[in-house]
Amino acid sequence: MKIIIINGPNLNLLGKREPEIYGAETFQDFFSNLQFKFKNIELEYFQSNIEGELVSKLQEVGFDYDGIILNAAAYTHTSIAIGDAVKAITTPVIEVHISNTFGREEFRHQSYISPGAKGVILGFGLQSYDLAITSFIE
Ligand code: DQA
């Protein structure tokens, strides 16, 4: 089973970015633990701050991987292009967010990703990614 985590803008700063919201752990550390925990699956990670690169990655992996876990970060709330890419591909996408976006500013309540997603997991911190992998496996 092949699963990729795709992270959008500013998520490369996890660990130092607003730790009261996003926690103190770097994604690299968290990802190493995930790979250890889910040894039986091929788990990949891609991050970009650039909208078009996220679209291209979704197109590249979106027809033969078994699952995509997508945290489009701020592009969630703005990007018709990423939303369209999620609808265009055949690999199921689980939308994840670290924070509970519905408990935050109004502009974070809108998602262009959700309409094309298989499901949405949010508000569980980095564990949101873990839950998404488990959901693909089960
Ligand atoms: C986020 C929530 C978004 O609103 C925000 O722009 C992010 C991270 C989250 O994981 O909680 O960058 O996607």
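Owing to the predicted nature of the structure, the values given are computational and were not obtained by experimental measurement.

1. Things to note about the UniProt feature "site: Transition state stabilizer" (unreviewed entry) in the protein
The sites that carry the UniProt feature "site: Transition state stabilizer" (unreviewed entry) are, in the present numbering, Arg17. Of note, arginine 17 is situated in the loop between strand E1 (2–7) and helix H1 (19–22). A residue is classified by how many C-beta atoms lie within 10 Å of it, and arginine 17, with 12 of them, is exposed. Contact partners of arginine 17, with chain neighbours within four places excluded, come to Asn10 and Tyr22.

2. Some remarks on the sheet that holds strand E5 (residues 119–122)
Spatial strand order, E2-E1-E3-E4-E5: five strands in an open sheet with parallel pairing. Every interior strand has two partners, whereas the edge strands, strand E2 (42–47) and E5, have only one. For this sheet the average axis-to-axis angle between neighbouring strands, irrespective of direction, equals 20°. Sheet strands in contact with helix H3 (residues 51–61) are E1, E2 and strand E3 (67–71), and its direction is about 175° off that of E1.

3. Re the UniProt feature "binding site: substrate" (unreviewed entry) in the protein
Using the residue numbers shown here, the UniProt feature "binding site: substrate" (unreviewed entry) corresponds to Asn71, His77, Asp84, Ile98, Ser99 and Arg108. These annotated residues cover 38 residues of sequence, and their C-alpha atoms reach 23.6 Å apart at the extreme, placing them across more than a single site. Looking at the secondary structure, you find histidine 77 in the loop between E3 and helix H4 (80–88). On the basis of neighbour count, histidine 77 is assigned to the partly exposed category, with 16 C-beta atoms found within 10 Å. Excluding its chain neighbours within four sequence positions, the residues that come into contact with histidine 77 are Phe107, Arg108, Gln110 and Ser111. With respect to the helices, strands and loops of the structure, aspartate 84 is situated in helix H4. Aspartate 84 sits in the partly exposed class, given 14 other C-beta atoms within 10 Å.

4. Some details on unusual backbone geometry
A positive phi angle is found at asparagine 10, which is not glycine, with a value near 75°. With respect to the helices and strands, the residue asparagine 10 is situated in the loop between E1 and H1. Residue class for asparagine 10 comes out partly exposed when judged on the 14 C-beta atoms lying within 10 Å of it. With a phi angle near 50°, alanine 73 is a residue other than glycine that sits in the positive phi range. Taking the C-beta count within 10 Å as the criterion, alanine 73 has 19 such neighbours and is therefore assigned partly exposed.

Calculation notes
- Residues numbered from 1 in each chain as written.
- Predicted model: local features only at pLDDT ≥ 70, side-chain atom pairs only at ≥ 80, totals over all residues.
- UniProt positions renumbered as here; feature names shortened; annotations may be inferred.
- Helix = DSSP H or I, 4+ residues; strand = E, 2+ residues; numbered from the N terminus.
- Buried ≥ 20, exposed ≤ 12 C-beta atoms within 10 Å, placed from the backbone.
- Contact = placed C-beta atoms within 7 Å.
- Pairing = 2+ DSSP bridges.
- Axes fitted to C-alpha atoms, helices over the stretch in contact; angles between N-to-C directions.

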